[in-house]
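Descriptive structure summary
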Amino acid sequence: MRVLVCVKRVPQTGGRIVLTADGQQIDTKFLGFTISPHEECGVEEAVRIIESQGGESTVLTLGPAAAEEQLRDAMALGIDRAVLLETDGSEWDPVSTAAIIADTIRAQEVTGGPFDLVIFGNESADSGGFQVGIRVALALERPVVSGLKGLTLGDGTATARREAGGGGWETYELPLPAVVGVKEGINLPRYPSVPGRLRAKKKEVERIEVGAAAGGPAALGGMAVGPAKSLLRLPEEERSQAEILGRGADAAPAVVDLLQRIGVLAR
Amino acid sequence: MSGSILVFVELGTGEASGGADRVSLETLAFARLLATAADGARVEAMMFGAGAEGVAADLGAHGAAAAHVISDGHLAAAYAPAAWGAAVAELARARSAVAVLGPGTDRGSEVLAHAATRLGMPLAANVLAATPGVPWTITRQRWAGSLLEDATLDAPIACLTMAPHAVAAEAHPGAAAASVASFAPTTSPADLVVRVTGHEAPSAGSVSLTDAKVVVGGGRGVGSSDAFAKLEELADLLGGAVGVSRVVTSNGWRPHSQQVGQTGQRIAPDLYIACGISGAIQHIVGCKSAKRILAINTDAESPIM
Ligand SMILES: Cc1cc2nc3c(=O)[nH]c(=O)nc-3n(C[C@H](O)[C@H](O)[C@H](O)COP(=O)(O)OP(=O)(O)OC[C@H]3O[C@@H](n4cnc5c(N)ncnc54)[C@H](O)[C@@H]3O)c2cc1C
Ligand SMILES: Nc1ncnc2c1ncn2[C@@H]1O[C@H](COP(=O)(O)O)[C@@H](O)[C@H]1O
């Protein structure tokens, strides 16, 4: 079994977002970096599949040189090898991102054999385009389904489970090789171990320099690209006033009073 | 702007069953705004499913001049993302669509991604505002709405999904019914490979987090899995549900189905009692529709306060 999982490096924002003065980026001076929780679950899913079925897992990212950190994090959890499509740090739109990931998968498959399963996050944490995995699947002419919270591999097939609109679940059957988009909750990812971290340092990262997005219909066989970001803005704060009801047990009467006032407790 | 604006409309579930999905109706309302801003464009809806015919005529009140329905055959029998997306793309071509819109729901996002790819067009997800032109200018959500992006979309067919609740879905009772026509797309067998093959009913009983009037939230500050018994008890007493932060689910204290936030559930209770939750932006996007938040926290400076 060969499994590929795609992850995207994003800033680990906390209580509030601070933008750079030109409004082009999140100011990351005081921030660490991470990947989407959906993708963390994708990494865990890939590791579990290889643990139970044997074979090799690969993690891939398109991002700046520093995105090696996210690849090493994934390898610390048990992913075998990594591919870094190294950009110049500029932003790639979803059409261009999908095109280069599809090309890379084709090239990787020539040398290493086909991937039975390619795993994406349901949506990236930062730009949330809800599309890269689907575009890659269509380029590779493979079956694809997104939003998965359950995945079981059988003999040449995958059974997938996702939440249905009105509650409950719906199931899908996909022949392998297939592409899936997963959501957080599909599994509970493990924490990295110290030996895992040490092993990850020695694992292979294949670097391929790709620079800026080539863009344009000509470069992408007729595909128009985009959307093209012009400015980031913080939403207007809908923040209403905050009132301190008290400290410790002293707050209890005020809390009860509030609950009665808003009808949560009967008077 | 002449030509048509094609809107993928989902059949409703839960409270909206028997009608159209709420976010789809908001998407129609948005399409109507686009059409009036640039007069000449015609709003046309597209629906799949055995029950679609009955619902489609009512879409007139929501701004659709016409509704194209696929109410029999494989595509109506079961949701099939690739086949539905291909059908949307085919109809968009047939109707000379200048824009294709869908609701920013699980299915809406998936179908529009398939359709845009088939059309060779970019897709902007979770759009809040759009102005037609060459290029289109749009505002869309990033980080689940914690951040906004102004962007351009340079494409002959603008493919967009609408962020839920970006505009209100108002019915105009006097409006003419939509003219309903059935549409028979040319579906390739390969596109039908992935389709819903089974359903499991929701587990009965407990109050659903998304419908609860009171949600008792717990974060890292709750301290342990066992300590959640107190929160469960309070939620029971108030007829509400328990919601948690990601730290809680990552620690395995509570199941992910209770997580509130960017990668969990969006809640809109009358009261959210947030215990030991710091209020990271990814948590806040899940609970900002709460009418009131009662925070219990040892740190008066924490962002939730
Ligand atoms: C892409 C992305 C998506 C994410 N999605 C989600 C999501 O869907 N949902 C989500 O919740 N998070 C999400 N997160 C994680 C988020 O950034 C925060 O890490 C998380 O919400 C923090 O959880 P917390 O408030 O429980 O923990 P902390 O931030 O550690 O806060 C604990 C709080 O408890 C208080 N406290 C401690 N002891 C006590 C006590 N005895 N009594 C009262 N208060 C006490 C502390 O003062 C503090 O405010 C996401 C992160 C990323 C990067
Ligand atoms: N730069 C990237 N590098 C690797 N994978 C990516 C990148 N951008 C998006 N993806 C993958 O595609 C998924 C969907 O992204 P998006 O379409 O942006 O919401 C993500 O969860 C990742 O798995």
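Residues numbered from 1 in each chain as written. Chains lettered and ligands numbered in written order. Predicted model: local features only at pLDDT ≥ 70, side-chain atom pairs only at ≥ 80, totals over all residues. Heavy atoms only, no water.

On to the overall build of chain B. Along its length, chain B carries eight helices and 14 strands. Taken over C-alpha atoms, the radius of gyration comes to 21 Å for chain B, in line with the 19 Å a tight globule of 305 residues would show. The principal-axis extents of the C-alpha atoms in chain B amount to approximately 60 × 40 × 40 Å. The proportion of buried residues among the 305 residues of chain B is 57%. Summing over all exposed atoms, chain B offers an accessible surface of approximately 12000 Å²; the carbon and sulfur share of this is 52%. Charge centroids of chain B, computed over 19 positive and 26 negative side chains, lie 3 Å from each other. (Helix = DSSP H or I, 4+ residues; strand = E, 2+ residues; numbered from the N terminus. Rg over C-alpha atoms; globule rule 2.2 N^0.38 Å. Buried < 20%, exposed > 50% of the residue type's maximum accessible area, 1.4 Å probe, protein only. Areas by Shrake-Rupley, 256 points an atom, 1.4 Å probe, with all protein chains shown as cover. Lys, Arg positive; Asp, Glu negative; His and termini not counted. Charge placed at Lys NZ, Arg CZ, Asp CG, Glu CD.)

This part covers the overall build of chain A. Counting its secondary structure elements, chain A contains seven helices and 13 strands. When its C-alpha atoms are laid out on the principal axes, chain A stretches across 70 × 45 × 40 Å. Taking all 267 residues of chain A together, 48% fall into the buried category. With an accessible surface of roughly 12300 Å², chain A has 53% of that area assigned to carbon and sulfur atoms.

Okay, the pairing of strand β14 (residues 292-296) of chain B next. Note on strand geometry: in a regular strand, side chains alternate between the two faces of the sheet. Residues and elements named next belong to chain B. Judged from the five bridges that link them, strand β13 (residues 271-275) and β14 form a sheet pairing that is parallel. Counted as the bridge partner of I273 is L294 from β14. For the crossover from β13 across helix α8 (residues 281-287) to β14, the handedness is right-handed. (Pairing = 2+ DSSP bridges. Right-handed = clockwise from strand over helix to strand, strands pointing away.)

What follows deals with the site of ligand 1. Residues in close proximity to ligand 1 total 27 residues, the closest being B:R220, B:S245, B:S278, B:Q282 and B:N297. With respect to ligand 1, the chains having nearby residues are chains A and B. Here an oxygen atom of ligand 1 sits 2.9 Å away from a polar atom, N or O, in the main chain of B:R246. In this structure, B:N297 approaches ligand 1 through a side-chain N or O atom, which is 2.7 Å from an oxygen atom. Within the complex, 78% of the 990 Å² of free accessible area of ligand 1 lies under protein. Only α7 (246-250) and α8 of chain B provide two or more residues apiece to the shell around ligand 1. (Near = heavy atom within 4 Å. Polar contact = N/O pair within 3.5 Å; in protein donor to acceptor, adjacent residues only side chain to side chain.)

So, about the interface of chain B and chain A. Counting residues at the interface gives 68 residues for chain B and 72 residues for chain A. Taken together, chain B and chain A are joined by eight salt bridges. Notably, a salt bridge pairs B:E110 with A:R162, separated by 2.9 Å at the nearest N-O pair. Counting across the chain B and chain A interface gives 29 residue pairs in polar contact (both at pLDDT 80 or more). Contributions of two or more residues to the side of chain B that touches chain A are made by α5 (106-119), β5 (123-131), β6 (136-142), β7 (147-153), β10 (196-200), α7, α8 and β14 of chain B. Relative to β10(B), strand β10 (residues 169-175) of chain A runs antiparallel, the two being bridged by four bridges. The partner of A:W169 across the bridge, within β10(B), is B:E200. (Contact = heavy atoms within 4.5 Å. Salt bridge = Lys/Arg side-chain N within 4 Å of Asp/Glu carboxyl O.)

All names here are of chain A. Here helix α3 (residues 94-112) crosses helix α4 (residues 132-140) at 45°, and the two axes come no closer than 9 Å. The pairing of α3 with α4 is recorded here as oblique in orientation. Crossing geometry of α3 relative to α4 is assigned as right-handed. The residues of α4 that touch α3, namely those facing P94, V95, T97, A98, I101, A102, I105 and R106, are V132, R135, V136, A139 and L140. Counted by class, the contact of α3 with α4 contains 10 nonpolar, one polar and two charged residues. (Axes fitted to C-alpha atoms, helices over the stretch in contact; angles between N-to-C directions. Parallel < 35°, antiparallel > 145°, perpendicular 65-115°, else oblique. Left-handed = near helix turned anticlockwise from the far one by under 90°. Nonpolar A, V, L, I, M, F, W, Y, C, P; charged D, E, K, R; others polar.)

Residue and element names in this part refer to chain A. Surveying the vicinity of ligand 2 reveals 19 residues, the closest of which are C6, E39, L62, S124 and F130. G121 is positioned such that a nitrogen or oxygen atom in its backbone is 2.9 Å from an oxygen atom of ligand 2. Residue V132 places a main-chain N or O atom 2.9 Å away from an oxygen atom belonging to ligand 2. Alone, ligand 2 offers 480 Å² of accessible surface; in the complex the protein occludes 97% of this. Contributing elements (two or more residues each) for the shell around ligand 2: β4 (56-63), α3 and β6 (117-121). The leading source of residues in the shell around ligand 2 is β4, at three residues.

Below, the discussion takes up the pattern of salt bridges. Inspection of every chain in the model, using the stated rule, returns 34 salt bridges over all chains. Between A:R106 and A:D103 there is a salt bridge; the shortest N-O distance is 2.9 Å. Here A:R106 pairs with A:D103, and both are found in helix α3, just three residues apart, close to one helical turn. You can call A:D103 partly exposed: its relative accessible area is 46%. Look at the salt bridges and you will find they share partners, linking A:E91, A:K229, B:R140, B:R142 and B:E149 into a network.

Here the focus is α5(B). End to end, α5(B) covers 20 Å across 14 residues, agreeing with the expected 20 Å (1.5 Å per residue, within 8%). Extensive coverage of α5(B) is indicated by the burial of 11 of its 14 residues. (Expected span 1.5 Å × (residues − 1).)

The next thing to look at is the side chain of B:H256. One can find B:H256 in the loop between α7 and β13. Exposure remark for B:H256: the relative accessible area of 13% places this residue in the buried category. When neighbours within four sequence positions are excluded, B:H256 is seen to be in contact with A:K149, A:E184, A:G185, B:T249, B:T263 and B:G264.

Here 10 strands make up an open sheet; going across it, the order is β13(A)-β7(B)-β6(B)-β5(B)-β8(B)-β4(B)-β1(B)-β2(B)-β3(B)-β9(B) and the pairing mixed. Each having just a single partner strand, β13 (228-233) of chain A together with β9 (179-182) of chain B make up the two edges of the open sheet. Taking each pair of neighbouring strands and ignoring which way they run, the sheet shows an average axis angle of 35°. Helix-sheet contacts for helix α1 (residues 22-37) of chain B involve β1 (4-9), β2 (42-48), β4 (97-103), β5, β6 and β8 (158-162) of chain B, and the interaxial angle to β1(B) is about 175°.

Structurally, the position occupied by A:S127 is in the loop between β6 and α4. Overall, A:S127 belongs to the buried group, its relative accessible area being 15%. Sequence separation between A:S127 and A:V10 is 117 residues; the distance between their C-alpha atoms is 9.4 Å. Once you skip the residues sitting within four places of it in the chain, A:S127 turns out to touch A:K8, B:R140, B:Q141 and B:R142. A distance of 3.2 Å separates a polar atom in the side chain of A:S127 from a polar atom in the side chain of A:K8. A polar atom in the side chain of A:S127 sits 3.2 Å from the side chain of A:S124.

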